[in-house]
Amino acid sequence: MIKFRINEGRRGNFFNGPKFGRKIDLLSSLGRRFVYRAKSTMFRRLCAAVHRRPQVTTSLGHRRTAAPSRPHLLGFVKPYSASSVGADDPSSLTASSLMRSCGISDRAALSISKKVQLDTLDKALSVLTLLKDYGFDEAHLVRLVDRLPGALVMDVEKILKPKLELFRGISLVGTALPEILSARPILLRRSLEKRLLPNAELLKSILITNANLVNAIKNSPWLMTLDIRTKVLPKVDALRAYGVPDDVILVLFTGYGYALLTDTARFNEAFDKIKKMGICPKKTTFARALGMLAKSPEKKWEERLETLMGLGWSQANVLEAFSKQPHIVRMSTEKTRKAVKFVEEKLGWTPEHTVKNPSVLLLSLEKRLIPRYAVLHILMHKGLIKAGFKGSHFLVPIEKFMMQFVTKYQDKAPEIVEAIKGVKSCR
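Since the structure is predicted, the reported quantities are computational estimates derived from the model, not experimental observations. (Residues numbered from 1 in each chain as written. Predicted model: local features only at pLDDT ≥ 70, side-chain atom pairs only at ≥ 80, totals over all residues. Heavy atoms only, no water.)

Below, the discussion takes up the side chain of threonine 262. Residue placement: threonine 262 occurs in the loop between helix H13 (246-261) and helix H14 (264-277). A residue is classified by how much of its surface remains accessible, and threonine 262, at 17% relative accessible area, is buried. Aside from chain neighbours lying at most four places away, what touches threonine 262 is Lys231, Lys235, Phe267 and Ala294. (Helix = DSSP H or I, 4+ residues; strand = E, 2+ residues; numbered from the N terminus. Buried < 20%, exposed > 50% of the residue type's maximum accessible area, 1.4 Å probe, protein only. Contact = heavy atoms within 4.5 Å.)

All told, the structure shown has ten aromatic pairs when counted by the stated rule. With a centroid separation of 6.2 Å and 85° between ring planes, the pair formed by phenylalanine 271 and phenylalanine 286 is classed as edge-to-face. Of this pair, phenylalanine 271 sits in helix H14 while phenylalanine 286 sits in helix H15 (residues 284-295), and the two are 15 residues apart along the sequence. Geometrically, the ring pair formed by tryptophan 301 and phenylalanine 322 is edge-to-face, given 5.0 Å between the ring centres and 65° between the ring planes. Of this pair, tryptophan 301 sits in helix H16 (residues 298-310) while phenylalanine 322 sits in helix H17 (residues 315-324), and the two are 21 residues apart along the sequence. Accessibility classification places tryptophan 301 together with phenylalanine 322 in one group, the buried group. (Phe/Tyr/Trp six-rings, centres within 6.5 Å; stacked < 30°, edge-to-face > 60°.)

To continue, consider the packing of helix H12 (residues 233-242) against H13. For the pair H12 and H13, the least separation of the axes is 12 Å and the interaxial angle reads 140°. It follows from the interaxial angle that H12 and H13 lie oblique. Taken as a pair, H12 and H13 cross one another with a handedness that is right-handed. When H12 is examined against H13, the residues Lys235, Val236, Leu239 and Arg240 are found in contact with a partner set consisting of Asp246, Ile249, Leu252, Phe253, Ala259, Leu260 and Leu261. Of the residues contributing to the contact of H12 with H13, the split by class is eight nonpolar, no polar and three charged. (Axes fitted to C-alpha atoms, helices over the stretch in contact; angles between N-to-C directions. Parallel < 35°, antiparallel > 145°, perpendicular 65-115°, else oblique. Left-handed = near helix turned anticlockwise from the far one by under 90°. Nonpolar A, V, L, I, M, F, W, Y, C, P; charged D, E, K, R; others polar.)

Let us look at the layout of surface pockets. In this structure, the second largest pocket encloses a volume near 170 Å³. Looking at the second largest pocket, the residues that line it are Ile385, Lys386, Ala387, Gly388, Lys390, Ser392, His393 and Phe405. Among the residues making up the lining of the second largest pocket, the classes are represented as three nonpolar, three polar and two charged. (1 Å grid on protein atoms, 1.4 Å probe; cavity = no way out; pocket = protein on both sides within 12 Å on 5 of 7 lines; lining within 4 Å. Points joined across faces, edges and corners; volume = space filled by probe spheres on them.)

On to the confidence of the model for the chain, then. Put simply, the chain has an average pLDDT of 80, and 76% of its residues get 70 or more. Here residues 1-87 is modelled with pLDDT under 50, and outside its nearest four sequence neighbours on either side it reaches 75 contacts, counting other chains as well. Within the model, the stretch residues 423-427 combines pLDDT values under 50 with twelve contacts to residues more than four positions away or in other chains. (pLDDT = per-residue confidence, 0-100.)

With that settled, the discussion passes to H14. For H14, spanning 14 residues, the distance from its first C-alpha to its last is 20 Å, which sits close to the expected 20 Å at 1.5 Å a residue. Every buried residue of H14 is accounted for by Phe267, Ala270, Phe271, Ile274 and Met277. End-on, the buried residues of H14 take up no more than an arc of 120°, which puts them together on one face. Summarising the geometry of H14, the exposed residues directed more than 90 degrees from the buried face are Thr264, Ala265 and Lys276. On its buried side, H14 packs onto H12, H13, H15, H16 and H17. After H14 finishes, the residue glycine 278 shows a positive phi value of roughly 75°. (Expected span 1.5 Å × (residues − 1). Arc of directions from axis to C-beta.)

Written as structure tokens, this is what we have:
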């Protein structure tokens, strides 16, 4: 008990007058602060003493076990060095345990600790340790926990590990597994028996190889989460009935899986438009065109058609260019105008010429088109190469372009070395 000595000679002055109440409150407050600090100091000393006890670490593939004599909570306590959190803050205590047991940085530990309840710390440590065993680094762990905090309380042996083993079994390994699961943690929430395993088997029956299946999941993880039997298979049947071969359907799955997951009305609308364009169903362009139209709103297609026709293209020109390079539908109006203006004014191409090489429109003006144009223009002006710009001049990889037009002629036209600068990293 804390006692306060009162000056007997001034007893009357102390107990009398309006300041008496405030003096008592002040003394009481000082007493409470003293007791709190004493308790806090004792708590930190106890934490430090527990921390000095032998550590129990986890090994690959084994469950984490605690020393039998260690208290449930205090066994995880360790002084935390982050200046932003006090040593007796729950987040600090949790973070220090994560740092010690999982070997992650203080920043990552603090971020994750905000999603962990102290009474579930044991389970969270087991989950994080398992995820690290499957290739998750700190960034993956933080992103996964931020998007799916419930993952920290999943049963490691019954729920989490069997799902991870399924993905590993289909060759989804290396950085691909943690990247996909941390970006789309909903995959961990789906039932193994009712959804993940049946979908994997169904997709494998269509895609044949694990490599194709992995590519499809990378491109569209939702293929594993939705009801493939009712959502996707009817569309595959419709494509086959129209004469689309399996190798083209494979391109659709591995590159444009979202097209197969759109609602039926949207899919049928895009499918009918592709048919009217007369795009051959036996070419991979058919899959790319269907994928683009199924993803892009009808308004986007109308805007692109209007923009190109406003630049002097006919509707037939637009359809021909789209059938050869469907991705032009995703270009912005501004980029479309700049690209068309460049090929017409600098390269001297007509719309009929451009639609033979529509992929050129997708290339970067600053990094690809303008520097290569500068090099070729110099060489043509000096009579070192034939006049006339071809699509291949801009579509070949940078290494080949450098060898054919820069390295070969830099002695006769040294200025081309400066002209090509800034594009060497472009592919």
